[in-house]
Amino acid sequence: MRTGSFIIFLSIFFSIYSLSNIFIYFVIRKLFNLKGIKRLILKISHILIASLYISSRFIENYWRNSLTESLAAIGSFYLAVMLYLFLLSLTGVIIWFILKRFSNAAILTNKHKDKTLKYAGIFMVMFVSVITIYGYHHACSPQVKYHKISISKSQFSSPLRIAFVSDIHLGTIIKNKRLNKMVTSVNSFSPDIILLGGDIVDEDIAPVIKYDMGALLTKLNAPLGVFGVTGNHEYIGGVEKAVKYLEDHNITMLRDKAIIIPGRLILIGREDFSITRFTSKARLPLSEIINNQISPSDWTQLPSIIVDHQPYGINEAITQKADFMMSGHTHNGQLWPIKYIVSQIFKIRHGLKKFEDTWFLVSSGYGTWGPPVRVATDSEIIIIDLFPEN
């Protein structure tokens, strides 16, 4: 990533992160009326756990073992805890000031205030604990989503089953157990082709190598092959190392490349949109890929599928009259209410939609980034059955 934009991003992130945690600290201190040594314990413990995820991920760049991985896991859970502590704290403060301003309720008097605040604090801690535990269980319980789509192309005469999985995020948090579950599930549907929509690895490739996750990836089985594209996390962790590892383990990585499977389909894998932030290069325009790598007759007679990790290339796909574009990246927000923010960034946050002649699918992903928690979103595997029209 270019130095200037990276510094700006870090400055904004750390400012928001620090201010949010300071706010949470003061609210908890007030709710439980902590003083003296109890206040000091809260302050130290809060600083330690709030810095755990960032510091452990930094340390893992130089020294990695089971301790640093455990600390990273604890720190990642705190990201979800922090979000809901902040939202509840902010809601509580607003309600408190409204009641103070417009109500004479007995719970606001000095006689009852401490007890009211303590009960509110207990409720907040219990609620956040329950929603985090639920969210972890839900994230580990992927859903299989089915779609049936008909396409009219003269050389497309037999049904095609596609398994699409994006945002697996293999690494420190998502390891062999969940990967094996994904591989077993995908293979059980006997797909003709398997497509991996980017962010296959979660930044650093080291834990993927350490736990030999590639051995499980090689078990993905489809007669037409297993194909993948780069995502922003492959770039964050070192794209060339990640791509080489994946290609060494049964995955054909398509980087602004088109392949033609005679009589079945055209498959285009696009380089991730992040290439311009991490390198001096730019990805090829879709029109250039089509014009230089695909004959006009094949383009008009075979179904065309584009795999593009971030769903930014929608207008390009429509202009080129592609049949289908598949993406991930958004996680559908992963944690409520972030999904509503994501909706303002992307034309399609999640799901299957059609614009003009082109179908678009955005998956919420199989894995998670940061906290291994999902609230009001699903981890998912997508099975698509393409049928010839008529």
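Basis of the calculations
Each chain carries its own residue numbering, running from 1 in the direction its sequence is written. With the structure being a predicted model, the display of local features is reserved for residues of pLDDT at least 70 and the display and counting of side-chain atom pairs for 80 or more, all residues being used for whole-chain, interface and lining totals. Just so you know, side-chain values use all the structure's heavy atoms and leave hydrogens and water out. Strands are runs of DSSP state E lasting at least 2 residues, helices are runs of H or I lasting at least 4, and numbering of each runs from the N terminus. Relative accessibility under 20% of the residue-type maximum defines a buried residue, over 50% an exposed one, and the middle range a partly exposed one, all with a 1.4 Å probe and only protein chains included. All accessible areas in this document rest on Shrake-Rupley with a 1.4 Å probe, and a residue is counted as covered only by the protein chains that are shown. None of His or the chain ends enter the tally, which takes Lys and Arg as positive and Asp and Glu as negative. A single reference atom marks each charge: NZ on Lys, CZ on Arg, CG on Asp, CD on Glu. Pairing between strands is defined by DSSP: at least two bridges between them are needed. Stacked, tilted and edge-to-face are the three classes assigned to paired rings of Phe, Tyr and Trp, where Trp is represented by its six-membered ring and a pair needs centres within 6.5 Å; plane angles under 30 degrees give stacked, over 60 edge-to-face, the rest tilted. For a Lys NZ or an Arg CZ to count as sitting over a ring, it must be within 6 Å of the ring centre and within 35 degrees of the ring normal. Cavities and pockets are defined on a 1 Å grid built over the protein atoms alone: a cavity is a set of grid points where a 1.4 Å probe fits but cannot escape, while a pocket is an open set with protein on both sides within 12 Å along at least five of seven lines, and lining residues are those with an atom within 4 Å of any such point. Grid points are joined across faces, edges and corners, and a volume is the space filled by probe spheres set on the points. Amino acids are sorted into nonpolar (Ala, Val, Leu, Ile, Met, Phe, Trp, Tyr, Cys and Pro), charged (Asp, Glu, Lys and Arg) and polar (every other residue, Gly among them). It is the directions from the helix axis to the C-beta atoms that the arc portrays. Axis lines are fitted to C-alpha atoms, over the contacting stretch for helices. Their N-to-C directions set the angle, which ranges from 0 to 180 degrees. Take the buried residues of types Ala, Val, Leu, Ile, Met, Phe, Trp, Tyr and Cys, join any two whose side-chain atoms come within 4.5 Å, and each joined set is a nonpolar core. Here a residue-residue contact requires only that any non-hydrogen atoms of the pair lie within 4.5 Å. Each reported salt bridge corresponds to a side-chain nitrogen of Lys or Arg within 4 Å of a carboxyl oxygen of Asp or Glu. Pairs of N or O atoms are called polar contacts if they sit within 3.5 Å, as long as, within protein, a hydrogen donor faces a hydrogen acceptor (for residues adjacent in sequence, only side-chain-to-side-chain pairs).

Asks: What am I meant to see in the overall build of the protein chain here?
Replies: Looking only at helices and strands, the protein chain has 15 helices and 12 strands in total. A principal-axis box enclosing the C-alpha atoms of the protein chain has dimensions of 80 × 50 × 45 Å. Residue burial in the protein chain is summarised as follows: out of 390 residues, 49% are buried. Working note: accessible area of the protein chain is about 18,700 Å², and carbon and sulfur atoms make up 63% of it. Between the mean site of the 41 positive side-chain charges and the mean site of the 28 negative ones, the protein chain shows a separation of 16 Å.

Asks: Got a minute to help me understand the sheet that holds strand 3 (residues 193–196) in this structure?
Replies: Paired through their backbone hydrogen bonds, the strands of a sheet run either parallel or antiparallel. Spatially, six strands are ordered 1-12-2-3-4-5 in an open sheet, and the strand pairing comes out mixed. Sheet topology places strand 1 (143–151) and strand 5 (252–253) at the edges, where each strand pairs with a single neighbour. Where strand 3 lies against strand 4 (residues 226–228), three bridges are found, and the strand directions are parallel. Paired with Leu-195 across the strands is Phe-227, a residue of strand 4.

Asks: Can you help me understand the packing of aromatic side chains in this one?
Replies: For any pair of aromatic rings, geometry is given as the distance between the ring centres together with the angle between the planes. Tallied over the entire structure, the rule returns 11 aromatic pairs. When the centroid spacing of 5.6 Å and the interplanar angle of 70° are considered together, the rings of Phe-23 and Phe-86 count as edge-to-face. Linking Phe-23 in helix 1 (residues 3–31) with Phe-86 in helix 4 (residues 66–102), this pair joins segments that are 63 residues apart in sequence. The exposure class assigned to Phe-86 is partly exposed, which follows from its relative accessible area of 25%. Aromatic side chains Tyr-146 and Phe-189 sit 5.7 Å apart centroid to centroid with 75° between the ring planes, which places their arrangement in the edge-to-face category. In this pair, Tyr-146 is assigned in strand 1 and Phe-189 in the loop between helix 6 (176–188) and strand 3, connecting sequence segments 43 residues apart. Members of the aromatic cluster, connected to one another through ring pairs, are Phe-13, Phe-14 and Tyr-17. The cationic tip of Lys-347 hangs over the ring face of Phe-355; the distance from NZ or CZ to the ring centre is 4.6 Å.

Asks: Please explain empty space enclosed by the protein as it appears in this structure.
Replies: Where empty space is left can be seen by rolling a probe of water-molecule size over the atoms. Taken as a whole, this structure holds one cavity of 30 Å³ or more when the rule is applied. Residue lining of the largest cavity: Leu-196, Phe-227, Gly-228, Val-229, Leu-254, Leu-267, Ile-268, Gly-269 and Val-307, and that is the complete set. Elements with a minimum of two residues in the lining of the largest cavity: strand 4 and strand 7 (265–269). Counting residues per element, the lining of the largest cavity draws most heavily on strand 7, at three residues. Here the residues of the lining of the largest cavity are counted per class, giving seven nonpolar, two polar and no charged.

Asks: What's the story with helix 10 (residues 239–247) in this structure? I'm lost.
Replies: Given 3.6 residues per helical turn, the α-helix brings residues three or four places apart onto the same face. All of the buried residues along helix 10 are Val-239, Ala-242, Val-243, Tyr-245 and Leu-246. The buried residues of helix 10 all sit within an arc of 165° when viewed along its axis, so they share a single face. Of the exposed residues in helix 10, those oriented more than 90 degrees away from the buried face are Glu-240, Lys-241 and Lys-244.

Asks: In this structure, what is going on with the sheet that holds strand 7? I would like to understand it.
Replies: What the six strands build is an open sheet, ordered 6-7-8-9-11-10; its pairing is mixed. Taken across any chain shown, the strands that pair with only one partner, and hence form the sheet edges, are strand 6 (257–261) and strand 10 (351–355). Neighbour to neighbour, the strand axes of the sheet diverge by 20° on average, direction disregarded. Pairing of strand 6 with strand 7, which is carried by five bridges, proceeds in the antiparallel orientation.

Asks: Looking at this structure, I do not really get the nonpolar core. What am I missing?
Replies: Generally speaking, soluble globular proteins have nonpolar side chains that are buried together. Counting residues in each nonpolar core, the largest one holds 34 residues, and the members touching the most others are Leu-170, Met-182, Leu-196 and Leu-220. Those elements giving two or more residues to this core turn out to be strand 2 (160–165), helix 6, strand 3, helix 8 (214–217), helix 10 and strand 12 (380–388). The element best represented in this core is helix 10, accounting for five residues. Among residues more than four places away in sequence, those in contact with Leu-220 are Met-182, Val-183, Val-186, Asn-187, Ile-194, Leu-196, Val-226 and Asn-250. With 25 residues, the next largest nonpolar core counts Val-27, Leu-34, Tyr-53 and Ala-80 among its residues.

Asks: What exactly am I supposed to notice about the pairing of strand 7 here?
Replies: Taken residue by residue, a regular strand's side chains alternate between the two faces of the sheet. Judged by how many residues are buried, strand 7 sits mostly within the fold: five of five residues are covered. Across the two faces of strand 7 the burial is the same, with Leu-265, Leu-267 and Gly-269 and Ile-266 and Ile-268 all buried. The hairpin turn running from strand 6 into strand 7, its antiparallel successor, is three residues long, and Gly-263 in that turn takes a positive phi close to 75°.

Asks: Sorry, what's going on with the side chain of Lys-339 here?
Replies: With respect to the helices and strands, Lys-339 occurs in helix 15 (residues 338–342). Salt bridges are absent for the buried Lys-339, whose nearest opposite-charge side chain, Asp-378, sits at 8.4 Å. From its side chain, Lys-339 meets the backbone oxygen of Ala-376 in a polar contact 2.9 Å long. In this structure, Lys-339 is in contact with Asn-332, Gly-333, Arg-349, Ala-376 and Thr-377, ignoring residues within four places of it in sequence.

Asks: So what exactly am I meant to see when it comes to the pattern of salt bridges here?
Replies: Any two side chains of opposite charge can pair, so long as their charged atoms come close to each other. In total, this model carries 11 salt bridges according to the counting rule given. When the shortest N-O distance is used, the salt bridge between Lys-175 and Glu-69 registers 3.1 Å. Remark: Glu-69 occurs in helix 4 and Lys-175 occurs in the loop between strand 2 and helix 6; sequence separation between them is 106 residues. Its salt-bridge partner being Asp-378, residue Lys-145 comes within 3.5 Å of it at the nearest N-O pair. Taken as a pair, Lys-145 in strand 1 and Asp-378 in the loop between strand 11 (358–362) and strand 12 lie far apart in primary sequence, 233 residues in all.

Asks: Honestly, unusual backbone geometry in this entry has me stumped. Any pointers?
Replies: Across the chain, the bulk of peptide bonds are trans and the bulk of non-glycine residues have phi less than zero. In the segment running from Trp-336 into Pro-337, the intervening peptide bond is cis, with an omega of 5°. Secondary-structure assignment places Pro-337 in the loop between strand 9 (324–327) and helix 15. A positive phi angle, near 60°, is found at Lys-321, a position not held by glycine. For Lys-321, the position within the fold is in the loop between helix 14 (314–319) and strand 9. A positive phi angle, near 60°, is found at His-331, a position not held by glycine. Within the secondary structure, His-331 is located in the loop between strand 9 and helix 15.

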